[in-house]
Amino acid sequence: MSGRWRVAGAGVAAAVLVAVAGCQPPDGGGASGKPGARASAPAAVSYLTGEPGAAGHVLAVKIDNVGAARPATGLDDAAIVYAIEVEGGLSRLMAVYDDKHLPQKVGPVRSARETDLQLLAEYNHPALAFSGAQSKLLPVLRSSDDLAAVTGTRDFFRDSARRAPHNEYLRPAGPAAKGGTAEDIGLRFAAAVPPGGTSGTKGTTASAKMPSARFSFSYDGSRYRVSMDGKASPWSADNVIIQHVDVQESRYHSRTGFVPFSQTVGSGQAQILRDGRSYPATWHRPSPTTGTSYTLNGAPLALRPGHTWIVLEP
């Protein structure tokens, strides 16, 4: 895992704490004090990772996640990785980057879904790179005021060492420049471990399921190692959020069957893991254009500064 995602040394940790206290509202809201409201002052730390230095332009990339597509490329450079249900109960990933921390290539890239459109509306007009979309969804993505759609450009290329359709990759620098600058999406960070939570086995391991996909996370004393469908992956995370969501049928149908739409506006339960502890949390997102807050007993639950995986579990 890249060293940029780890806070090293007590001096840096102290600096992060000071920065967090100075720029992130303690009530989980933005500058107005309302939950999910945008923060108007420039961030002293990244809104996406809680690490020193404001994040830059935001790029989200849809990534294939069936067995034939693994291992993916570039996931440990992402600030946030979402796992999302798609047709057949399988999963796709969406990796979110800021343009100051980009890998040379990302992929394999796959198609977008309606879930992506709603989920990314809480960001500030990010770029979304994808390989295609359902015929009625594609023009909606291209005309959306909530994101900059990137597909079919020269930034995409095929890797001859992989079989289609699992071989399309992206050079992310150009697409990232089309994204808006990172703003408050509701996450809160602090180096200090929050009180409460569960330690032991329940704090060091967790799992999430979709109808035909499984994710598990195991703490190695430093970070959480990611396994998918019972097999270890090269990926790791400083924080894990298992966010329980309602799954409905998408408005954009497929001839192949049920197309899931994961509802990320509203509220529900979540499990948050950091530093070998597990916390029973509540998530809340009042509207598509506001951020998602994660709270414990009504107070914001701080993540460890670094890299976060969010599994949208049905």
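All figures in this text were calculated on a predicted structure; none of them were measured in a lab. Residue positions are counted from 1 within each chain, in the order its sequence is given. Where local features are concerned, this predicted model is filtered to residues with pLDDT of at least 70; where side-chain atom pairs are given and counted, the filter is 80 or more; whole-chain, interface and lining totals use all residues. The side-chain quantities take in all heavy atoms of the structure and omit both hydrogens and water.

### Considering the environment of Ala176
Our working rule: Numbering of helices and strands runs from the N terminus, with a helix taken as a DSSP run of H or I at least four residues long and a strand as a DSSP run of E at least two residues long. The criterion used for residue contact is that any of the two residues' heavy atoms lie within 4.5 Å.
The residue Ala176 is located in helix α4 (residues 173-176) in this model. Taking the C-alpha atoms as reference points, Ala176 and His57, 119 residues apart in sequence, are found 6.1 Å from one another. With sequence-adjacent residues up to four places away left out, Ala176 is seen in contact with His57, Val58, Leu59, Asp99 and Leu102.

### As for the environment of Gly132
Operational definition: Between buried and exposed lies partly exposed: a residue is buried under 20% and exposed over 50% of the maximum accessible area for its type, with that area taken using a 1.4 Å probe on protein chains only.
Examined against the element boundaries, Gly132 turns out to sit in the loop between β4 (127-129) and α3 (137-143). Since its relative accessible area comes to 16%, Gly132 is described here as buried. When neighbours within four sequence positions are excluded, Gly132 is seen to be in contact with Ser111, Ala112 and Thr151.

### Notes on the packing of aromatic side chains
The criterion, for reference: Stacked, tilted and edge-to-face are the three classes applied to pairs of Phe, Tyr and Trp rings, where Trp contributes its six-membered ring and a pair requires centres within 6.5 Å; stacked means planes under 30 degrees apart, edge-to-face means over 60, and tilted covers the rest. Comment: the charge-over-ring label is applied if NZ (Lys) or CZ (Arg) is within 6 Å of the ring centre and within 35 degrees of the ring normal.
Here the structure, examined in full by the defined rule, presents three aromatic pairs. Aromatic pair Phe217 and Trp309: ring centres 6.3 Å apart, planes at 70°, arrangement edge-to-face. Of the two residues, Phe217 is situated in strand β9 (residues 213-219) and Trp309 in strand β19 (residues 308-313); the sequence distance between them amounts to 92 residues. As far as burial versus exposure is concerned, Phe217 and Trp309 are alike and both buried. Positioned over the ring face of Tyr169 is Lys105, at 4.8 Å from the centre of the ring. Stacked on the ring of Phe157, the Lys or Arg Arg171 has its end atom at 4.2 Å from the ring centre.

### Quick look at the pattern of salt bridges
Rule in force here: Take a side-chain nitrogen of Lys or Arg and a carboxyl oxygen of Asp or Glu: if they are within 4 Å of each other, that pair is a salt bridge.
With the rule as written, the count across this model stands at 11 salt bridges. We note a salt bridge from Lys105 to Asp159, for which the minimum N-O separation is 3.9 Å. Taken together, the residues span a long stretch of sequence, with Lys105 in the loop between β3 (91-98) and α2 (114-120) and Asp159 in the loop between β6 (156-158) and β7 (168-170) at a distance of 54 residues. The partly exposed category is assigned to Lys105, whose relative accessible area is 28%. It is possible to trace a salt-bridge network through shared partners that takes in Arg274, Asp275 and Arg304.

### As for the sheet that holds strand β10 (residues 224-228)
Inclusion rule: DSSP calls a pair of strands paired once it identifies at least 2 bridges connecting them. Axes, fitted as lines to C-alpha atoms, cover a helix only where it is in contact. Angles between the N-to-C directions of the axes lie from 0 to 180 degrees.
Spatially, β8-β9-β10-β11 is the arrangement adopted by the four strands of the open sheet, whose pairing is antiparallel. Because the sheet does not close on itself, it has two edges, and the strands there are β8 (205-210) and β11 (231-237). Going across the sheet, the axis of each strand differs from the next one's by a mean of 25°, ignoring polarity. Relative to β10, β9 runs antiparallel, the two sharing five bridges. Directly across from Phe217, in β10, lies its bridge partner Val226.

### Some thoughts on the sheet that holds β19
Strand order across the open sheet formed by 11 strands is β5-β4-β1-β3-β2-β19-β12-β15-β16-β17-β18, with mixed pairing between neighbours. The sheet is open, and its two edges are formed by β5 (148-150) and β18 (299-300), each paired on a single side. In terms of strand pairing, strand β2 (residues 80-85) meets β19 through four bridges, oriented parallel. Bridge pairing links Ala83 to Val311 in β19.

### Quick word on the layout of surface pockets
This is how it is decided: Cavities and pockets were defined on a 1 Å grid built over protein atoms only: a cavity is a set of grid points that admits a 1.4 Å probe from which the probe cannot escape, a pocket is an open set flanked by protein on both sides within 12 Å along at least five of seven lines, and lining residues are those with an atom within 4 Å of any such point. Grid points are joined across faces, edges and corners, and a volume is the space filled by probe spheres set on the points. The residue classification treats Ala, Val, Leu, Ile, Met, Phe, Trp, Tyr, Cys and Pro as nonpolar and Asp, Glu, Lys and Arg as charged. All others, Gly included, are polar.
Quantified by volume, the largest pocket comes out at close to 210 Å³. What lines the largest pocket is a set of 16 residues, among which Glu87, Arg113, Gln134, His253 and Ser254 lie closest to the centre. Split by residue class, the lining of the largest pocket holds five nonpolar, seven polar and four charged. Approximately 160 Å³ is the volume found for the second largest pocket. Forming the walls of the second largest pocket are Gly67, Arg70, Pro71, Ala72, Met228, Asp229, Lys231, Ala232, Ser233, Pro234 and Trp235. Tallying contributions element by element places β11 first for the lining of the second largest pocket, with five residues. Per-class residue counts for the lining of the second largest pocket are six nonpolar, two polar and three charged.

### Considerations on the confidence of the model for the protein chain
We apply this condition: Each residue carries a pLDDT score, the predictor's confidence in it, ranging from 0 to 100.
Per-residue confidence for the protein chain gives a mean pLDDT of 89; residues scoring 70 or more make up 86%. Confidence drops under a pLDDT of 50 for residues 1-35, and excluding neighbours within four residues, the segment shows 70 contacts in the predicted structure.

### Here's the deal with empty space enclosed by the protein
Remark: the empty space left among the atoms is shown by a probe the size of a water molecule rolled over them. This structure, assessed with the given rule, holds two cavities of 30 Å³ or more. There is about 60 Å³ of room inside the largest cavity. Considering the residues around the largest cavity, the lining is formed by Tyr82, Leu119, Glu122, Ile185, Leu187, Gln243, Thr264, Thr292, Tyr294, Ile310 and Leu312. Here the lining of the largest cavity is built from residues that sort into seven nonpolar, three polar and one charged.

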